[in-house]
Amino acid sequence: MSLLTISDLSLSIAGTPILLDVSLTLAPGEVVAVTGESGSGKSMTALAVMQLLPASAVATGQIILDSNDMLALDERALCTLRGDLVGMVFQEPMTALNPVQTIGKQVAETVRLHRPDLDPTQRARDVLDRVGLQAIPLSRYPHELSGGQRQRVVIAIAIACGPKLLIADEPTTALDVTTQAQILDLLKQLATEDGMGLLMITHDLAVVAEMADRITVMRHGAVVEAGDTPALLANPQHPYTQALLAASNHQVDLPRSDEQAPLLRVQNVVRDYTLPRTRVFVPAGTHRAVDDVSFDIKRGERVGLVGESGCGKSTLTRAILGLEPVQSGTITLDGTPVTDPAVRRKMQVVFQDPYGSFNPRHRVARLISEPFHLLDAPPPDRDARIASALTDVGLSPEDAHKYPHQFSGGQRQRLAIARALIIRPELVIFDEAVSALDVSVRAQILDLIADLCRQYDLTYLFISHDLSIVRTITDRVLVMKQGQIVEEGATEHVFTEATHPYTQTLIQAAPTLPGAA
Amino acid sequence: MLRYTFKRLLSLIISLAIASLVIFAVIEVAPGDPASFMLGINAAEDTLAALRAELGLDQPKWQRYLAWVGGMLQGDFGTSYQYRTPVSEMIADRLWVSLPLALYALALSTLIAFPAGIYAASRRGKAGDVSVMGATQVGVAIPNFWFAMMLVLIFAINLRWFSAGGFAGWDKGFVAAMKSLTLPAIALALPQAAILARVMRSSLLDVLDEDFMRTARAKGLSRGAALRRHGLRNAMIPVLTILGLQLSFLLAGGIIIEQVFYLPGLGRLIFQSISARDLIVVESVTMLLVFAVITVNFLVDLAYAAVDPRLRARA
């Protein structure tokens, strides 16, 4: 007897078809993963089970959860099931909790709603203990907790009434790798101990490779393949699954670099932030975000910078770009301090969110030619340069007349790269440049970067929290922790023979697909 | 929370000190000699000098400033040039009209605006929302003096439920006094309620899109319960800001409504004193209104912290 049976579920929102004949089953105690790229309908499938769909959604088919016909029940009946029979964990722990209510109240509320027989406060304490928050008092507010701790609170809310089914929608996507590993362990442990069914929604196959019993792969709102995890990963039948697996393990063919003289020199850089004063007559304290960091990047070298959130990599990046004052140490490019405006034209940056870094009201030609302002005079062959920059990144010169909203996420990232390269900078900084992209698009962008290396001998600093990407796209890697570079060396060497315990932890925590190098 | 309160209190005192200096300086540079105004343009020079000495106008400016501030701290606001009565008494009489009127209007405005805003937000885009928003649009657009005259026409002249103007006085009893303040309070409250309802609605709509509202629904809360338990408090910050601004406005800005209803309020007092160059009264009433505005802001700051724990932590 299965716990959840979805059969022929079709869904349209305001007339647009979102899901097409989706079928799925899940037995008690089983872990089933639904995976796919953005727009595949995996999250909508989860929300359909909860019946928390947008108001304009129309669903047909059947969703049977523990003999309840979810599509036929009225709102009142659904409210008694949600939180009791089925709990849900969301992607963004930073925003998933009410900021003005204590975590104890928020956990207790679920209990109060569904289990009048239990003491809500005591139960809240027990559940929080169970998710590993023994040291956290109930009176804490969400803003006083870290991302991982908040996600544990969200999980506590979801399991407070002992649901039979737990739905986790990208539960670890917003978390650091080591935190991700802990949360995945916790979910797996809860499912095993309680015999709870776990429906995991994720875009990252590697995350579920180790914990899911079965995997369902979705694309464009339809299931393309489903099967037992080992069989599906070892022998995918559908071409899309094969492509998805290949893209997740994508190895870039990076040309050899001929390293020359040092280009960027970072020497003993320290960046302190002043903390808010706590007492009137005591000097304010400081937080050292970057602590005595030194490294060189040689011309033609591709360097990776990895570290978890809060390690200081963003501060260091801004300092290199000359946007952040440093308390001591020097950063020079070709011997000139980076704070000199003349250096700006020699450095360009590609950010994580290309849409946010484009003015939505400008056309592509204007957007990607913006760096020309850094030159003393605009180049006479401006239009030709724009056309060639677009061709270089795999777009067509006609795209120059479009607006950024007319492009997909991957194409926008291509535009961002075109903008960075249009004045032939000596150093490019990729700041989490592929982190927000789907795996197949990410693979294409990484290939593009390798191609551009072949063409233009790029020198770049590639900042990412994703170790597998850094491994394939860089020659040398720096590992940063608490403001310090704890390990550095040739990328392959660091990955195979890490010496610093922190690097080892990071590599171990990173989820990998079986068969990946 | 204590440290936060202390910090806000400190900033309140500094603001008051600066405000008193500015008010004194502005009034000093304003043209017009109170003494010659009181005695007429044909007064003899020695009579003028005698009056100036009596009023203390011949002393150095800094001494007069200190005497003024020192007096106010002890509740002595000086003596009106025009009426020769203590300013503190004049203000106290007027305050007993203006303050209840402002609070009455604020209470009405909140009572109308909160339910209207919440109702509109919970039926976003539906007929209920559209009609509430249409009504608030009208409420914002209608000038309050015109609305006040309509109220007088309908409720005082035709229906004869209320008197058309004047203030019964508190010695006639609470009900009689409040009755004479009712029409003015409604006239003041409705446009404010319209603004407040719009702020409440848009603030709630922002909150409804937040992730934690989805978490609340996933717990099993109904749409309405999620809105009340998790939405409202998060939506309060912008609403509190507007409420604070409105209270300040109602205290000082009721002058037009006071004129329409012949109410002896602060607005009328300051208007008459300005016309009569009764500078000591102008100074004192202005200072009092500044004090009220700054105190209201202080209370709003405390309310912010009570609503949002993140603000408590930041201070």
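Being a predicted model, the structure only gives us computed values, none of them experimental.

Undergrad: Help me understand the overall build of chain B, please; the structure alone is not making it clear to me.
TA: Along its length, chain B carries 14 helices and zero strands. Sequence-ordered secondary structure for chain B, helices as α and strands as β, is α-α-α-α-α-α-α-α-α-α-α-α-α-α. Carbon together with sulfur atoms contributes 67% to the accessible area of chain B, which is approximately 15900 Å² in total. Here chain B carries 28 positive and 20 negative side-chain charges, and the mean point of each set is 18 Å from the other.

Undergrad: Any chance you could explain the interface of chain A and chain B here in plain terms?
TA: Size of an interface: often given as the accessible area lost when the parts come together. Contacts between the two partners involve 27 residues from chain A and, on the opposite side, 21 residues from chain B. Taken together, both faces of the contact between chain A and chain B bury some 2200 Å²; the carbon and sulfur share is 55%. Interface area lost by chain A to chain B is led by A:Phe90, A:Val100 and A:Glu109, which between them contribute 25%. Between the two partners, chain A and chain B, sit three salt bridges. One salt bridge in this structure joins A:Glu109 and B:Arg229, with 3.2 Å as the shortest N-O distance. Listed by contribution, the elements that provide at least two residues to the side of chain A that touches chain B are helix H2 (75-81), strand S6 (86-89) and helix H3 (103-114) of chain A. By residue number, the principal contributor to the side of chain A that touches chain B is H3(A), which donates five residues. Taken together, the residues of the side of chain A that touches chain B sort by class into 13 nonpolar, nine polar and five charged.

Undergrad: Explain the domain arrangement of chain B to me, please; I cannot follow it from the model alone.
TA: All names here are of chain B. By domain assignment, chain B separates into domain 1 (2-73) and domain 2 (87-314). The partner domain 2 presents 20 residues to the 18 residues of domain 1 that form the contact. Of the roughly 1700 Å² buried where domain 1 meets domain 2, counting both sides, 79% is carbon and sulfur surface. Sorting the residues of domain 1 by area buried against domain 2 places Tyr 4, Leu 16 and Ile 27 first, and these three jointly supply 33% of that buried surface. The interface formed by domain 1 and domain 2 includes one salt bridge. Linking Asp 301 and Arg 8 is a salt bridge whose minimum nitrogen-to-oxygen distance equals 3.0 Å. Viewed at the interface, domain 2 and domain 1 are joined by two residue pairs in polar contact (both at pLDDT 80 or more). Breaking the side of domain 1 that touches domain 2 down by element, the ones donating at least two residues are helix H1 (2-29), helix H2 (34-39) and helix H4 (61-73). Looking at which element gives the most residues to the side of domain 1 that touches domain 2, the answer is H1, with twelve residues. Looking at the side of domain 1 that touches domain 2 residue by residue, the class counts come to 13 nonpolar, four polar and one charged.

Undergrad: How do you make sense of the layout of surface pockets when you look at a structure like this?
TA: Using a probe with the size of a water molecule, rolled over the atoms, empty space left in the structure can be pinpointed. The space that makes up the second largest pocket amounts to roughly 1100 Å³. Along the walls of the second largest pocket sit 31 residues, with A:Leu53, A:Pro54, A:Ala55, B:Arg217 and B:Arg223 positioned nearest its centre. Broken down by secondary-structure element, the contributors of at least two residues to the lining of the second largest pocket are helix H1 (42-50), strand S4 (57-65) and H2 of chain A together with helix H5 (87-122), helix H9 (211-219) and helix H10 (223-252) of chain B. Here the lining of the second largest pocket is built from residues that sort into 17 nonpolar, three polar and eleven charged.

Undergrad: Quick question: what am I supposed to make of the pairing of strand S17 (residues 427-431) of chain A here?
TA: When a strand is regular, its side chains alternate between the sheet's two faces. All names here are of chain A. Burial of S17 is extensive: five of the five residues sit out of reach of the surface. Burial of the side chains of S17 extends over both faces: Leu 427, Ile 429 and Asp 431 are buried on one face and Val 428 and Phe 430 on the other. Looking at chain direction, strand S16 (residues 347-350) and S17 are connected through four bridges and run parallel. Residue pairing for S17: Gln 348 is matched across the bridge by Val 428. Sheet topology note: the S17/strand S18 (residues 460-464) ladder contains four bridges and is parallel. Counted as the bridge partner of Phe 430 is Phe 462 from S18. Running through helix H15 (residues 439-456), the crossover from S17 to the neighbouring parallel element S18 is right-handed.

Undergrad: Mind showing me how you'd approach the pattern of salt bridges here?
TA: Pairs can form between side chains of opposite charge whenever their charged atoms are close. Residues and elements named next belong to chain A. The tally for this structure, following the rule as stated, stands at 34 salt bridges over all chains. Put simply, Arg 214 and Glu 30 hold a salt bridge, and the shortest N to O gap is 2.8 Å. Of the two residues, Arg 214 sits in strand S9 (residues 214-219) while Glu 30 sits in the loop between strand S2 (16-26) and strand S3 (31-35), which places them 184 residues apart along the sequence. Taken as a pair, Arg 214 and Glu 30 share a single burial class, namely buried. Note that Arg 82 and Glu 75 form a salt bridge whose closest N and O atoms lie 3.3 Å from each other. Given a relative accessible area of 0%, Arg 82 falls into the buried group.

Undergrad: Looking at this structure, I do not really get the sheet that holds strand S8 (residues 197-202) of chain A. What am I missing?
TA: Backbone-to-backbone hydrogen bonds pair the strands of a sheet. The strands run either parallel or antiparallel. Residues and elements named next belong to chain A. Strands sit in the order S6-S7-S8-S3-S9-S10 across an open sheet of six strands; the sheet is mixed. On the outer flanks of this sheet lie S6 and strand S10 (222-228), each paired with one strand and no other. For this sheet, the mean inter-axis angle between neighbouring strands, taken without regard to orientation, is 15°. Where S3 lies against S9, four bridges are found, and the strand directions are parallel. Within S9, the residue paired with Val 34 across the bridge is Thr 216. Lying on the sheet, helix H9 (residues 239-248) is in contact with S9 and S10; it crosses S9 at an angle near 100°.

Undergrad: It is not clear to me how the confidence of the model for chain A should be interpreted in this structure. Could you clarify?
TA: Should the pLDDT be low somewhere, the predicted coordinates at that spot are not to be read in detail. Scored by pLDDT, chain A has a mean of 88; 98% of the residues are at 70 or more. In the model of chain A, helix H11 (residues 341-344) of chain A stands out as the element of lowest mean pLDDT, 82, in contrast to H3(A), which has the highest, 93.

Calculation notes
Residues numbered from 1 in each chain as written. Chains lettered and ligands numbered in written order. Predicted model: local features only at pLDDT ≥ 70, side-chain atom pairs only at ≥ 80, totals over all residues. Heavy atoms only, no water. Helix = DSSP H or I, 4+ residues; strand = E, 2+ residues; numbered from the N terminus. Areas by Shrake-Rupley, 256 points an atom, 1.4 Å probe, with all protein chains shown as cover. Lys, Arg positive; Asp, Glu negative; His and termini not counted. Charge placed at Lys NZ, Arg CZ, Asp CG, Glu CD. Contact = heavy atoms within 4.5 Å. Buried area = accessible area lost by both parts, 1.4 Å probe. Salt bridge = Lys/Arg side-chain N within 4 Å of Asp/Glu carboxyl O. Nonpolar A, V, L, I, M, F, W, Y, C, P; charged D, E, K, R; others polar. Domains from an automatic or database assignment. Polar contact = N/O pair within 3.5 Å; in protein donor to acceptor, adjacent residues only side chain to side chain. 1 Å grid on protein atoms, 1.4 Å probe; cavity = no way out; pocket = protein on both sides within 12 Å on 5 of 7 lines; lining within 4 Å. Points joined across faces, edges and corners; volume = space filled by probe spheres on them. Buried < 20%, exposed > 50% of the residue type's maximum accessible area, 1.4 Å probe, protein only. Pairing = 2+ DSSP bridges. Right-handed = clockwise from strand over helix to strand, strands pointing away. Axes fitted to C-alpha atoms, helices over the stretch in contact; angles between N-to-C directions. pLDDT = per-residue confidence, 0-100.

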